[in-house]
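Given next are the chains, with one letter for each unit.
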Amino acid sequence: MPSVKVSRNYHVPFLFKPKVIPGSIEDPIKLLKKAADTKNLRLGKTVHAHLIISSETSKFLDIFHANSLINLYAKCDRITTARHLFECMPKRNVVSWTALMAGYLHKGLALEVLALFKTMVYVDNLCPNEFVFATVLSSCSGSGRVEEGKQCHGYVLKSGLLSYQYVKNALVHMYSSCSEVEAAMWVLNTVPGDDILSYNSVVNGLLEHGHVKEAMDILDMMIGQCKAWDNVTYITIFGVCAHLKDLRLGLQVHSQMLKTDIDCDVFLSSAMIDMYGKCGKVLNALKVFDGLQTRNIVSWTAIMAAYFQNGYFEEALGLLSQMEFEDILPNEYTFAVLLNSCAGLSALRHGDLLHASVEKSGFKDHAIVGNALVNMYSKCGNIQAANDVFLDMTSRDAVTWNAMISGFSHHGLGKEALNVFQDMLEAGERPNNITFVGVLSACAHLGLVQEGFYYLNQLMKQIGIEPGLEHHTCIVGLLSRAGQLDQAEKYMRSMPVKWDIVAWRSLLNACHVHKSYGLGKRVAEVVVQMDPNDVGTYTLLSNMYAKAKRWDGVVQIRKLMREKNIKKEPGVSWVEIRNTTHIFVSDDNIHPESSKIHEKVGELLAKIKLLGYVPDIAAVLHDVEDEQKEDYLSYHSEKLAIAYALMKTPTEAPIRVIKNLRICDDCHAAVKLISKVTNRLIIVRDANRFHQFQDGKCSCADYW
């Protein structure tokens, strides 16, 4: 075995060098400042230990060291330790209070900042300096406490500290954040001295509260005064362009930015991606994204959102694996975009997997994620899972309540929707215009005419919400559902509302359901005038003629469709089974198991005929014998999808089918009975709503 020679004349460096802490006052303070600025908690604790040892003769640290330690622990997210040191100080100065307040501000604990400020002024009788005021005003901004902010403004005026630029900026930001636009503008215009931060604060505050016109006025002022824009300004202005969906202005701002020497960092690039996404230019957004040297979670989420906002749901979901390949983990905003993309695709299985990732990642309690989960499960047909998420949420906002109310309403569960609305009122959450769309839709489903008009004419007025087109359309639907078709038409003719095609089609559909063919013809003429190529109107009118056995009318509609080259969209249904989506068209023979599926359909129809099922051949437009019409009805796409799901899923599993068109009367009647003979929950999402079939009944109560 070869020997290893070791030289004896070697020097081994100390693996652990003795810590040398200078004994002067200044050096520990410098070290603590460095530790605080770099968030080096270990170094800070070492200096703290040295100070404790070196001050054995005194029970307390001197005020300078104590202040430095409070600053250290506050910046290193050890606010409890900082508070303990603060409370132990025999004497405190303004710096002590400022350091602790800044720590609480950093933690988002605005009430603690305000409480400290009051104690400092009224108990310790200390005069705040400009740093204290800036901190307190920032706390008022973050918590929306404008009254406390105004009081602080008064202190600033008395103290003569308004001339400090960052105090002025803090005031402008506070008023802007609290939607006190006039006050923010008054401070901006009357207090001498301004910089780009003031303008950024005002524009951001205006945008946050929907004051887009005023934000554009400030932008004009900035251009007129030739203010040099910084990154924050460009980010803000791109935000204006995104909000307005003003591509032309966005391109001009982008061009102006390229002419400057601004460092286009990842946050500015993300703002551009967001702007192009909201303006419908996904390729432009992708070009900016692909040009990034480094990408963070903000830029990845921005490009996902750009895809999502423009209906590219699969592309948005596909980016997740690419992002994780670059070792970037999703945050709450990323999960929200991805879950909403699943909702757009009705991809329940994918949504379930994302829900599991949310749980593992610790984002379950974020309101934006909870809202996206409620929305995803509602739109994917699992309203029970949506409700479970809703009940489990620790914090809810107006979006949460609206999502649950709308979800129940869209699933035909009007009673449950109104119960959630009552819970919302009891929780002290203020309803908005979206809330009442869901509430009025629930009233429509239940046929609660009197209650619907109460919500529209009294409660909305009491809360200060002006009814819009959507609310009046819900009233039309409510009157139609209750069979008051003449009143619905009268309401539409008398109200000073610019009705859209959705409202008129709602009334047309009611005419079809209630067999009011005379009114239906008049309404159809209005709809055709608004959209001469609306295939759904022609189909519905043709079905009404067929049900009334007005075959001359059917022939006339079919001739008109041929002349206008209008073709009925083929019915397509799809069902997801074990991560695979199976797509069916009527009389499908393409599927590999089509013969077995047709056989299964035959078995189901034979069983439900024993329960009284009679094929509804009245609306079949084919000029063939009744037997052939019945055969045509038997293999509609939704029947094929349901039959296949029954073949391939466990006996207790619910079945979820999506259809591109309105489910026909025959399929609706058949699926009700299929749910009874198979003892299955069958959920069909058609072009109008969700139908929950269970035990021979449907959640729509046969009105859709």
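Looking up the protein in an unreviewed UniProt entry gives the name DYW domain-containing protein, with the organism given as Prunus armeniaca. Under the heading Sequence similarities (unreviewed entry), UniProt records this for the protein: "Belongs to the PPR family. PCMP-H subfamily."

On inspection of all chains with the given rule, the structure shows 23 salt bridges. Salt-bridge contacts for Asp365 lead to Lys364; the nearest nitrogen and oxygen are separated by 3.3 Å. Given a relative accessible area of 30%, Lys364 falls into the partly exposed group. Within this structure, Lys33, Asp37 and Lys75 form a network of salt bridges that share partners.

Attention now moves to the domain arrangement of the protein. Partitioning the protein into structural domains gives domain 1 (412-499), domain 2 (511-568) and domain 3 (574-698). One C-alpha centre belongs to domain 2, the other to domain 3; they are set 26 Å apart.

Aromatic ring pairs are reported here in terms of the distance separating the ring centres and the angle at which the planes meet. With the rule as written, the count across this model stands at 15 aromatic pairs. On the basis of an interplanar angle of 85° and a centroid distance of 5.7 Å, the ring pair of Phe117 and Tyr155 is categorised as edge-to-face. In this pair, Phe117 is assigned in helix α6 (residues 110-122) and Tyr155 in helix α8 (residues 146-159), connecting sequence segments 38 residues apart. A network of ring pairs unites the aromatic residues Phe421, Phe436, Tyr454 and Tyr455 as a single cluster. Stacked on the ring of Phe390, the Lys or Arg Arg396 has its end atom at 4.2 Å from the ring centre. For Arg396, the ring lying beneath its charged end belongs to Trp401, and the centroid distance is 5.2 Å.

Reading across the sheet, the six strands line up as β2-β1-β3-β4-β5-β6 and stay open at both edges, with mixed pairing between neighbours. Of all the strands in the sheet, the pair left with one neighbour each is β2 (580-585) and β6 (697-698). Bridging between strand β4 (residues 682-685) and strand β5 (residues 690-694) involves four bridges; their strand directions are antiparallel. Among the inter-strand pairings, Ile682 is bridged to a residue of β5, identified as Phe693. Strand contacts of helix α36 (residues 665-678): β4, β5 and β6, with the helix running at about 40° to β5, the strand carrying the most contacts.

What follows concerns the nonpolar core. Membership of the largest hydrophobic core comes to 183 residues, with the highest contact counts inside it found for Met101, Val136, Ile218, Phe238, Met376 and Tyr455. Examining the composition of this core, we find that eight residues originate from one element, helix α17 (residues 297-309), more than from any other. When residues are assigned to domains, this core turns out to be shared by domain 1 (412-499) and domain 2 (511-568), each giving three or more. Residue contacts for Ile218: discarding those within four places in its chain leaves Met185, Leu188, Tyr199, Val202, Val203 and Leu206. Core analysis: the next-biggest nonpolar cluster, separate from the first, contains 32 residues, Val575, Tyr635, Ala670 and Cys698 among them.

Take the packing of helix α22 (residues 383-392) against helix α23 (residues 398-410) next. The N-to-C vectors of α22 and α23 enclose an angle of 155°; their axes lie 10 Å apart at closest approach. In terms of axis orientation, α22 runs roughly antiparallel to α23. The handedness of the crossing between α22 and α23 is left-handed. Between α22 and α23, the contacting residues are Ile383, Ala386, Asn387 and Phe390 on the first element and Thr400, Trp401, Met404, Gly407 and Phe408 on the second. Split by residue class, the contact of α22 with α23 holds six nonpolar, three polar and no charged.

Thresholds, definitions, all that
- Residues numbered from 1 in each chain as written.
- Predicted model: local features only at pLDDT ≥ 70, side-chain atom pairs only at ≥ 80, totals over all residues.
- Heavy atoms only, no water.
- UniProt positions renumbered as here; feature names shortened; annotations may be inferred.
- Salt bridge = Lys/Arg side-chain N within 4 Å of Asp/Glu carboxyl O.
- Buried < 20%, exposed > 50% of the residue type's maximum accessible area, 1.4 Å probe, protein only.
- Domains from an automatic or database assignment.
- Phe/Tyr/Trp six-rings, centres within 6.5 Å; stacked < 30°, edge-to-face > 60°.
- Helix = DSSP H or I, 4+ residues; strand = E, 2+ residues; numbered from the N terminus.
- Lys NZ or Arg CZ within 6 Å of the ring centre and 35° of its normal.
- Pairing = 2+ DSSP bridges.
- Contact = heavy atoms within 4.5 Å.
- Axes fitted to C-alpha atoms, helices over the stretch in contact; angles between N-to-C directions.
- Core = buried A, V, L, I, M, F, W, Y, C linked by side-chain atoms within 4.5 Å.
- Parallel < 35°, antiparallel > 145°, perpendicular 65-115°, else oblique.
- Left-handed = near helix turned anticlockwise from the far one by under 90°.
- Nonpolar A, V, L, I, M, F, W, Y, C, P; charged D, E, K, R; others polar.

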